[in-house]
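What the coordinates show
Each chain, letter by letter, is given below.
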Amino acid sequence: MSGLSLHKKIEENTGLLIFGILFVSAIGGMVQLLPILSQESLETATQNSHLYSAVELTGRDIYIREGCHVCHSQQVRPLIAEVERYGPYSRADEFVYDRPFLWGSKRTGPDLHRLGGKFSDDWHRIHLLDPRAVVPASIMPAYPWLADRDASEAGNIEAKMRALTVLGHPYTEEQISSASAELEGLKEIDALIAYLQILGTAYSEDSVP
Amino acid sequence: MDSTSQNTYHDTVVIRLIQFSVFWAVAAMLAGVWLSAELVWPTIDFGQSWLSFGRLRPLHTNGIVFGFGVSALMATAFYSVQRTSHTPLFLPKLAWFICYAWQVLVLLGGLSLLAGYTTAKEYAELEWPFDIAITILWVCFALVFFGTIANRKIKPIYISNWFYGALIIVIAMLHIVNNLAIPVSLGKSYSLYAGAQDALVQWWYGHNAVGFLLTGGFLGMLYYFLPKHAERPIWSYRLSIVAFWAFVYSYIWAGPHHLHYNSIPEWVQSLGMAMSIILLAPSWATMINGIMTVSTAWEKLRTDPALKFIVLSLAFYGLATFEGPMMSIRSVNVVSHFTDWTIGHVHSGALGWNAMITYGTFYFMVPRLVGRELYSTRLANIHFWLALAGTMLYIMAMWAAGVSQGLLWLSVDQIGELSFSFKDIMASMTPYYLLRLVAGIIFLSGTVLMGYNLLMTLKGQHAVKVNVPAVDPAYGVTA
């Protein structure tokens, strides 16, 4: 059977066409995704991995809610200029508890993966409420509402931690039951700053094999 | 001929979808213009969370892709599948249901994005209840579309339907796999994948949402409306067959080029890069096929704004599908990644290709659907030049911005110290961002002009009710 007459068959049969498209389009994804999704080193925690506390997790979800990832990447590439500007380049094992990943696709503002510890909590507070007070040329939006809302209102933290436990995050019963108490008295801005301050800090140069 | 005695095409649903599509185009482009203004004057969100850049930007992208894009794809798919199958839509009531349910979904989804409900995965930001709704509506879309094809009165399935078919099937696959998540509440879920694995799944989705929706789906439009409008058959049907399968096979591999030098294994980056370059072949095969199809009908371009739009869109399609593979080369990507060059690239595709071909098909379809002349050819010609000027200015501003960002970020002096601070590079972007704002306003005003033109064409449509017979007597086929 020549190629053309084989194609004539597909061309005249709805079912064959559907199956053909599904089969041909699935190949590339399988070749790339299956090995990566079964590669244990990409999902196994090391000393570089940081399990987010109740406050940090709340802060991370606020970061997502406000779309910080739209303008800030969290991915230092292994290039001299990037390592000089931001710090050690990003490693896969630093992200095993990141659901979703927040590497981003655009740096309207600087990369944030090695942000933790570089500025004081007070600096972050001023910067989030009025970016131009500390960086005059900044084009970042201000986030005044973060100082008004209670961190405990930003989602059910216990339900979140239980959902993550299902996905393999090793939270203990105590961590989950004390989660609400940890958020007590904190505003959303406090939780967000807690998250920003641990970004990229679990990694240490010594741990590189 | 007595048109009541036989089946007629279901075209009212097509008109309605076109109206919704134009509405979303204006709304989402307006959001885009506002966003670009926020990058120049950052306080014009007035301290409102829902106007904040991080929340408004997903509304802009989702509004364009799912509101403007998908409504236009459904409209043109329903229009062309009936005519290429010589039969009315299968389950027309379901088509009407999809038409309205999809708009409700886009509206509520958009509001949920403004309220801060987001998965953070690009072009898949909508949370899980919306993902389920999309899946259900997509299956309905598939039923109507493939049902119509199965009912067709002629043996071969025309090439435009393969592309629409690939759109429906592949987007379903990508959407389901990428959005797998554990729900926490109605507005929050956690991705089934984490870190590097999540990144790869997301860009397998993200790149191919562009591939099969913004490229494949709109190629379906091209293969029906270009030959129809140029009144020439496709230059080479065989080339279109080869290009189709090469396209479906190779596009899906290209996702990892969004993650060059990121924390994923190098082999998958290299593989993604190699396949992205290969992708140039089927992309350009289609472009050449399109250009050759109009090559004996150039004189029509003088008088016909609709065909002008379609032919110009083909040029931008060629440009974007050349630029894409170039940007996927690691040593180019090292400069372009994370910069406004990416934004420029997306818009050369979205404005130059997707929007222009859609405008061309709308100018073609609406007068035929209501059986009267276009309200104003002059306005359509003005729109053409506004669209071209807006697109060119936009991508040139973003090329300049992106290339300078990329190079300045990477620049180090003789002793290896960084040459420029991030802040200074960022501050130097203002002129480009201003230019881009102007470009956006120009493009948007063209779109508004089209909305007015089409509305005036539609007015009084009840005076002339057209029932297009399901079987075109010209084909000599009896139902």
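Here's what I pulled together on the structure shown here. (Residues numbered from 1 in each chain as written. Chains lettered and ligands numbered in written order. Predicted model: local features only at pLDDT ≥ 70, side-chain atom pairs only at ≥ 80, totals over all residues. Heavy atoms only, no water.)

Some details on the overall build of chain B
On a plain count of helices and strands, chain B comes out with 16 helices and two strands. Since a compact globule built from 479 residues should have a radius of gyration of about 23 Å, the 22 Å found for chain B is in line with a globular shape. Along the three orthogonal principal directions, the C-alpha set of chain B runs to about 85 × 50 × 45 Å. The burial tally for chain B puts 63% of its 479 residues in the buried class. Of the roughly 16,900 Å² of accessible surface on chain B, 70% is carried by carbon and sulfur atoms. (Helix = DSSP H or I, 4+ residues; strand = E, 2+ residues; numbered from the N terminus. Rg over C-alpha atoms; globule rule 2.2 N^0.38 Å. Buried < 20%, exposed > 50% of the residue type's maximum accessible area, 1.4 Å probe, protein only. Areas by Shrake-Rupley, 256 points an atom, 1.4 Å probe, with all protein chains shown as cover.)

Quick look at helix α3 (residues 54-65) of chain A
Spanning twelve residues, α3 of chain A covers 16 Å between terminal C-alpha atoms, matching the ideal 16 Å at 1.5 Å per step. Of all twelve residues in α3 of chain A, twelve are buried, a share of seventy percent or more. Along α3 of chain A, the residues that are buried comprise Ala54, Val55, Glu56, Leu57, Thr58, Gly59, Arg60, Asp61, Ile62, Tyr63, Ile64 and Arg65 of chain A. On the buried face of α3 of chain A, the contacting elements are α7 (157-166), α9 (179-183) and α10 (188-198) of chain A together with α2 (53-85) and β2 (188-191) of chain B. One or two steps after α3 of chain A, the chain reaches Gly67 of chain A, where phi turns positive at roughly 70°. (Expected span 1.5 Å × (residues − 1). Contact = heavy atoms within 4.5 Å.)

Comments concerning the interface of chain A and chain B
In this assembly, 82 residues from chain A lie in contact with 93 residues from chain B. Its largest share of buried area at the contact with chain B, chain A owes to Gln32, Arg77 and Arg85 of chain A, together 10% of the area lost on that side. The tally of links from chain A across to chain B stands at four salt bridges. Of all elements in the fold, only α1 (3-11), α2 (14-37), α3, α4 (80-86) and α7 of chain A reach the threshold of two or more residues within the side of chain A that touches chain B. Counting residues per element, the side of chain A that touches chain B draws most heavily on α2 of chain A, at 18 residues. The class makeup of the residues in the side of chain A that touches chain B is 45 nonpolar, 20 polar and 17 charged. (Buried area = accessible area lost by both parts, 1.4 Å probe. Salt bridge = Lys/Arg side-chain N within 4 Å of Asp/Glu carboxyl O. Nonpolar A, V, L, I, M, F, W, Y, C, P; charged D, E, K, R; others polar.)

Structural notes on empty space enclosed by the protein
Residues and elements named next belong to chain B. Counted according to the given criterion, the structure contains nine cavities of 30 Å³ or more. For the second largest cavity, the calculated volume is near 180 Å³. Only α2 and α6 (195-230) provide two or more residues apiece to the lining of the second largest cavity. Taken together, the residues of the lining of the second largest cavity break down into seven nonpolar, four polar and four charged. (1 Å grid on protein atoms, 1.4 Å probe; cavity = no way out; pocket = protein on both sides within 12 Å on 5 of 7 lines; lining within 4 Å. Points joined across faces, edges and corners; volume = space filled by probe spheres on them.)

Let's talk about unusual backbone geometry
The residue after Arg99 of chain A, namely Pro100 of chain A, is reached through a cis peptide bond having omega -5°. Summarising the element assignment, Pro100 of chain A is placed in the loop between α4 and α5 (121-129). The phi torsion at Tyr261 of chain B lies on the positive side, around 65°, for a residue other than glycine. Mapped onto the elements of the fold, Tyr261 of chain B is located in the loop between α7 (237-251) and α8 (266-278). Even without being glycine, Phe338 of chain B reaches a positive phi, approximately 70°. Residue Phe338 of chain B is classed as buried on the basis of its relative accessible area of 0%.

Regarding the pattern of salt bridges
Counted according to the given criterion, the structure contains 21 salt bridges over all chains. In this structure, Lys188 of chain B and Asp61 of chain A form a salt bridge, with 3.0 Å as the shortest nitrogen-oxygen distance. With Lys188 of chain B in strand β2 and Asp61 of chain A in helix α3, this pair bridges two chains. A salt bridge links Arg83 of chain B to Asp11 of chain B; its shortest N-O distance comes to 2.8 Å. Remark: Asp11 of chain B occurs in the segment before α1 (12-38) and Arg83 of chain B occurs in helix α2; sequence separation between them is 72 residues. For the residue pair Arg83 of chain B and Asp11 of chain B, the accessibility class agrees, reading buried in each case. Three or more residues joined by partner-sharing salt bridges are found here, namely Arg65, Glu66 and Glu188 of chain A together with Arg55 of chain B.

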